[in-house]
Structures are given as structure tokens and as C-alpha cells.
Amino acid sequence: VYKAIYQREPSARSASILADIYTERGMIGRASKLANNPAYSKDIDIKISQVKIWIARGKLSEALKAVKRINKQVPDNGELIILKGICYLKQGKFSKAQKTLLQAVDTDDYRQEALYGLGICCIHSGENKKAESYFNQMNRSSKLWRSKAHLGIALISMKEKKYKSAYDQLLKSVKQSRTT
């Protein structure tokens, strides 16, 4: 649908949405081609799409530099906070990731992503009860994120070698993803 919209009426907004969809689906080359269109180089949404592409490619230092540059233009942007936290998480800087993601919990638009990232940080830090608390908050507050919440709880169960519980949570995750 977005591809058709972009083809009919090309704009920075439709290009950034399509680039994000391509990035999520692992079609990084296509996403990069859209995000690097010189006609949209000053658009904030396109710049954020470029950050997502760098993260997907594992170019985390470039992504962090870009986040800092963009943040000067649009301070307190929830999506940028999340992306910064994801970079730290992927770099294994769990305390920095937690500190960053806690800032994003207060932004309504990105609360669920922040809770999920915080849960993953806690698993890596060995704070399984705290991680479970974050995943349970997700489960209670958003139907769309329940699948990921069950997945997070399954990760905790596997880490604790509670394989039956992990299996049950994985089944719930699959079932939830089919209903949303």
C-alpha cells in the first residue's frame, strides 16, 4: 500500500514510512535507496529512517552520532531516545541502555518499545524479576505488544531453565501474534 502511495505521490513522509517497512523486513538495500534520496536529505523522518538502517547494518557508532545530531534539531524526541537505547543495548552497554530507555518510558508513543528494551537489558543484567515486571506492564497495557511480552517472559524462563513455562509463553506469543 505504501509503495503505491509513494509511487503515486512521492514525498519525504511516504519515503520514510516505506524505508522503515523495508528495514523491518530486512530489505536494507531498498530502504537505503529511499532514505538516501537527496531530495529528502533535510527531512527529520528520513534522517531517523537512516539511523534505523545503520542500526540494522550494525553501524552503531554512526547511528549514535546521527542521533546526537538530529537530537539538536528535535530535542526530547521519543523515537530518538529509543534508537539511542537500542544502540547501547546492541553494543552491550546495558546500564547506559537502561538509563536511556527509562527516559522513553514516559513518552506515550514509545512506552511499549522502552519497556521491551528495559526487559531485555534486565535479562542481560541478571535481574529477571525486574525484567518480568516490565514485560507484565506491556502485557497489561497494550494488546499489540502482548506477543513480545510473552516472548520476553519465555526468554526469562529459558534462562532459568524452566522449559515448560518457556514453551507455554512461546505458544501464547504465537497465538497473540495471530490475533493482532
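Up top you'll find the structure we're talking about.
Caption draft 1: Focus on the overall build of the protein. Of the regular secondary structure elements, the protein holds eleven helices and zero strands. Mapped in sequence order, the helices and strands of the protein form the string α-α-α-α-α-α-α-α-α-α-α. A compact globule built from 180 residues should have a C-alpha radius of gyration of about 16 Å, and the protein, at 17 Å, falls within 12% of that. Projected onto its principal axes, the C-alpha positions of the protein cover 50 × 35 × 25 Å. Here the contacts in the protein between residues at least 6 apart in sequence split such that 44% fall between residues at least 24 apart. For the protein, the computed accessible surface area is about 10500 Å², with 51% contributed by carbon and sulfur atoms. Within the protein, one finds 34 positive and 16 negative side-chain charges whose respective centroids are separated by 6 Å.

Caption draft 2: Inspection of unusual backbone geometry at higher detail. We note that Asp76 has phi near 60 degrees; this positive angle belongs to a residue other than glycine. Locating Asp76 in the fold gives a position in the loop between helix H5 (60-73) and helix H6 (78-90). Of note, the phi angle at Lys161 is positive, near 60 degrees, even though the residue is not glycine.

Caption draft 3: Spotlight on helix H10 (residues 146-159). Helix length check: H10 (14 residues) gives 20 Å between terminal C-alpha atoms against 20 Å at 1.5 Å per residue, within 8%. Buried within H10 are the following residues: Ser147, Ala149, His150, Gly152, Ile153, Ala154, Ile156 and Ser157. Lining the buried residues of H10 we find helix H8 (111-125), helix H9 (128-141) and helix H11 (163-179). Following H10 by one or two positions, Lys161 adopts a phi angle in the positive range, close to 60 degrees.

Caption draft 4: Just the packing of H6 against helix H7 (residues 94-105), in detail. Closest axis-to-axis distance for the H6/H7 pair is 8 Å, and the angle between their directions is 165 degrees. Our classification of the angle between H6 and H7 gives roughly antiparallel. Two packed elements cross with a definite hand, and for H6 against H7 that hand is left-handed. Along the contact surface, H6 presents Ile81, Ile82, Lys84, Gly85, Tyr88 and Leu89, while H7 presents Phe94, Lys96, Ala97, Thr100, Leu101, Gln103 and Ala104. Class assignment of the residues belonging to the contact of H6 with H7 gives a composition of eight nonpolar, three polar and two charged.

Rules of the game
Residues numbered from 1 in each chain as written. Predicted model: local features only at pLDDT ≥ 70, side-chain atom pairs only at ≥ 80, totals over all residues. Heavy atoms only, no water. Helix = DSSP H or I, 4+ residues; strand = E, 2+ residues; numbered from the N terminus. Rg over C-alpha atoms; globule rule 2.2 N^0.38 Å. Contact = heavy atoms within 4.5 Å. Areas by Shrake-Rupley, 256 points an atom, 1.4 Å probe, with all protein chains shown as cover. Lys, Arg positive; Asp, Glu negative; His and termini not counted. Charge placed at Lys NZ, Arg CZ, Asp CG, Glu CD. Expected span 1.5 Å × (residues − 1). Buried < 20%, exposed > 50% of the residue type's maximum accessible area, 1.4 Å probe, protein only. Axes fitted to C-alpha atoms, helices over the stretch in contact; angles between N-to-C directions. Parallel < 35°, antiparallel > 145°, perpendicular 65-115°, else oblique. Left-handed = near helix turned anticlockwise from the far one by under 90°. Nonpolar A, V, L, I, M, F, W, Y, C, P; charged D, E, K, R; others polar.

Worth remembering: the numbers are spatial, not functional.
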